[in-house]
Amino acid sequence: MSNTIYTQYNTLELCEAVENIVRETPITDMHTHLYAPDFGELLLFGIDELLTYHYLIAEFFRMSETSYDDFWALDKTAQADAIWQCLFIENSPISEACRGVLTVLDQLGLDPTSRDLNAYRAYFAAQDPSDFIDTVYETANLASTVMTNDPFDDLERPIWESGYEGDSRFHAALRIDPLLNDWTHSCERLKGWGYDVEPGLNERTLAEIRRFLDEWMCRMNALYMAVSLPPEFAFPEDSPRAKIIEHCILPVARKHNKPFAMMIGVTRQVNPRLRLAGDSLGKSSVAPVEALCAKFPQNKFMVTMLTREDQHELTVTTRKFRNLLLFGCWWFLNNPSLIEEMTRMRIELLGPSIMPQHSDARVLDQVIYKWSHSRHIIAKVLCDKYTDLVETGWEVQHGEMKRDIERMLGGNFWRFVDLELS
Ligand code: FIX
Ligand code: ZN
């Protein structure tokens, strides 16, 4: 009830209310790798996709003696069979990524005790993709998700160019890793698409990159621009990346009044034989984030960093800049112990002004487990924080907790996307 008041004398009820509000609040998942049905085969779902998620592939190769070549020669069903046998039958599935598969099966009403992979396959094979999105959104209690949309991707680009009409369950984010992390090749590609660009980044080239970004922001109706960056990311710096950020990304972001999201700390392909599973991480510097937020107060930045070591510094930097939104427990941090530690620290330093989590789901069904596990932890941390609060003698109304939680599960993101900075 929205007018219930919680005090130091009813903290059990308070925690129950927090748990309920967190469970019942529809979420905006602000960073995923999911796609609307019009993107066809790019929208992944089902048990074979769940089992061949790159998190599980990395775990498989640690436990199995199968060679890389033999594994990659298998078709997807056979890969899924091998992973199931190794990680679920011959070993207990106690890792977070394995547990996630079982949470999905359980919450979709399948029977995890049957251990019957073919029965699970039959369930997913019977689903119509668009209806199944509704089922998954309902099960996970999602309001909408934000995709990761890469115009340099040859499978994705044609769908946008042929006039993708949109799907209210999915929003777009313009992802520009190749532009910032590999300018030499991107220059060639832009040239091939008719932009008058040169490797040297002269004025004409910078203007053409701005035109490219502007066109794609419009075509996608993108909510933000995003990039993942290596640990050595620096700004300011005499590099194509720093130049393109300053002279192209930021002016276009200002023109559209949309944030620039930086995901910092990924070291790509430390083991290429693992393919998509072969990326790792490295401690990074928060100094470039500070420099960008200070030098460009009219730009909005969203930042997440990949190492545990960088979290405290990033949280403190976020205190200093209203044009910075901290988000998510990214990738190797999306594990219960780390989510709890980070969420606790962030709320202690920033109150409810954060977006504590995103799913990063690559397979539609994964939003079910990623959010179910995270909601549980967010509720646990908030129960402690509101309990500490009422122990001061302060009273908390049910509606006030609902307001805070709605902000953290979506509202802060939407406010920031539209925020006009003066
Ligand atoms: O760069 C990213 O957006 C990463 O999240 C992905 O590339 C990564 O492979 C992933 O799926 C992490 O969860
Ligand atoms: Zn991602």
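Residues numbered from 1 in each chain as written. Chains lettered and ligands numbered in written order. Predicted model: local features only at pLDDT ≥ 70, side-chain atom pairs only at ≥ 80, totals over all residues. Heavy atoms only, no water.

(A) Region of interest: the overall build of the protein. In terms of regular secondary structure, the protein is built from 18 helices and 12 strands. Computed over the C-alpha atoms, the radius of gyration of the protein is 22 Å, within 12% of the 22 Å expected from 2.2 N^0.38 for a compact globule of 422 residues. C-alpha extents for the protein along the principal axes are approximately 65 × 60 × 40 Å. Sequence separation of at least 24 residues holds for 78% of the intrachain contacts in the protein that already meet a minimum separation of 6. For the protein, the exposed surface amounts to about 18,100 Å²; the carbon and sulfur share of it is 49%. (Helix = DSSP H or I, 4+ residues; strand = E, 2+ residues; numbered from the N terminus. Rg over C-alpha atoms; globule rule 2.2 N^0.38 Å. Contact = heavy atoms within 4.5 Å. Areas by Shrake-Rupley, 256 points an atom, 1.4 Å probe, with all protein chains shown as cover.)

(B) The arrangement of the sheet that holds strand 3 (residues 142–146) in detail. Pairing in this open sheet of 3 strands is parallel, and the strands run 2-3-4 from one edge to the other. Looking along the sheet, the strands with just one partner apiece sit at the ends: strand 2 (27–29) and strand 4 (170–171). The strands that helix 8 (residues 129–140) touches are strand 3 and strand 4; relative to strand 3, the one it contacts most, it runs at about 115°. Helix 18 (residues 398–418) rests against strand 2, strand 3 and strand 4 of the sheet, and its axis sits at about 60° to strand 2. (Pairing = 2+ DSSP bridges. Axes fitted to C-alpha atoms, helices over the stretch in contact; angles between N-to-C directions.)

(C) Seen up close, helix 18. At Met-408, helix 18 shows its maximal kink, close to 65°. Of the positions making up helix 18, those classed as buried are His-398, Met-401, Asp-404, Ile-405, Met-408, Leu-409, Gly-410, Asn-412, Phe-413, Phe-416 and Val-417. (Bend = angle between axes of the 7 residues up to and from the residue. Buried < 20%, exposed > 50% of the residue type's maximum accessible area, 1.4 Å probe, protein only.)

(D) Region of interest: the site of ligand 1. Around ligand 1, the neighbouring residues are His-31, His-33, His-54, Tyr-55, Arg-175, Ser-228, Arg-268, Trp-330, Trp-331, Asp-360 and Arg-362. Measuring from an oxygen atom of ligand 1, one finds a side-chain N or O atom of Arg-175 at 2.7 Å. The side chain of Arg-268 places a nitrogen or oxygen atom 2.9 Å from an oxygen atom of ligand 1. Relative to its unbound accessible area of 330 Å², ligand 1 is 98% covered by the protein chains. In terms of residue class, the shell around ligand 1 is made up of 3 nonpolar, 4 polar and 4 charged. (Near = heavy atom within 4 Å. Polar contact = N/O pair within 3.5 Å; in protein donor to acceptor, adjacent residues only side chain to side chain. Nonpolar A, V, L, I, M, F, W, Y, C, P; charged D, E, K, R; others polar.)

(E) Structural detail: the domain arrangement of the protein. When the domains of the protein are assigned, the result is domain 1 (5–43 + 142–418) and domain 2 (46–126). Just the C-alpha atoms count here: the centres of domain 1 and domain 2 sit 28 Å apart. Taken residue by residue, the interface counts 20 residues in domain 1 and 21 residues in domain 2. Inspection of the region where domain 1 meets domain 2 yields 9 residue pairs in polar contact (both at pLDDT 80 or more). Looking at which element gives the most residues to the side of domain 1 that touches domain 2, the answer is helix 17 (residues 366–390), with 6 residues. Taken together, the residues of the side of domain 1 that touches domain 2 break down into 8 nonpolar, 6 polar and 6 charged. (Domains from an automatic or database assignment.)

(F) Focus on the coordination of the zinc ion (ligand 2). Around the zinc ion (ligand 2), the protein contributes the donor atoms His-31 (NE2), His-33 (NE2) and Asp-360 (OD), at 2.0 to 2.1 Å from the metal centre. Read in sequence order, the donor residues coordinating the zinc ion (ligand 2) give the pattern H-x1-H-x326-D. One end of the pair, His-31, is in the loop between strand 2 and helix 2 (47–51); the other, Asp-360, is in the loop between helix 16 (336–350) and helix 17, with 329 residues separating them in the sequence. The same class applies to His-31 and to Asp-360, which are both buried. (Donors = N, O, S within 2.8 Å, 3.2 Å for Na, K, Ca; no water.)

(G) Structural view of the state of the cysteines. Overall, the coordinates contain 1 disulfide when judged by the stated rule. Note that Cys-15 is cross-linked by a disulfide to Cys-383, the S-S spacing being 2.1 Å. Here Cys-15 and Cys-383 share a disulfide; its torsion about the S-S bond, 70°, makes the bridge right-handed. Taken together, the positions of Cys-15 in helix 1 (residues 11–24) and Cys-383 in helix 17 put the pair 368 residues apart, joining distant regions of the chain. The same class applies to Cys-15 and to Cys-383, which are both buried. For Cys-86, which is in no disulfide, the shortest distance to another cysteine sulfur is to Cys-98 and amounts to 8.8 Å. (Disulfide = S-S within 2.5 Å.)

(H) Highlighting the packing of helix 1 against helix 17. Following both chains from N to C, one finds helix 1 and helix 17 inclined at 145°, their axes separated by 9 Å at the closest point. Handedness of the crossing formed by helix 1 with helix 17: right-handed. Counted together, Thr-11, Leu-14, Cys-15, Val-18, Glu-19, Val-22 and Arg-23 of helix 1 and Arg-375, His-376, Ala-379, Leu-382, Cys-383, Tyr-386, Thr-387 and Val-390 of helix 17 form the full contact between these two elements. A breakdown of the residues in the contact of helix 1 with helix 17 according to their chemical character gives 9 nonpolar, 3 polar and 3 charged. (Left-handed = near helix turned anticlockwise from the far one by under 90°.)

(I) Representation of the sheet that holds strand 11 (residues 324–326) within the structure. The 5 strands are arranged 5-6-7-10-11 in an open sheet whose pairing can be described as parallel. The open sheet is flanked by strand 5 (174–175) and strand 11, the only strands paired with a single partner. With 5 bridges joining them, strand 6 (residues 225–229) and strand 7 (residues 260–264) adopt parallel strand pairing. Each bridged residue has a counterpart across the sheet, and for Met-225 the counterpart in strand 7 is Phe-260. This element, helix 13 (residues 240–256), spans strand 6, strand 7 and strand 10 (301–305) of the sheet and lies at about 160° to strand 6. Sheet strands touched by helix 18: strand 10 and strand 11. Its angle to strand 11, the strand with the most contacts, is close to 160°.

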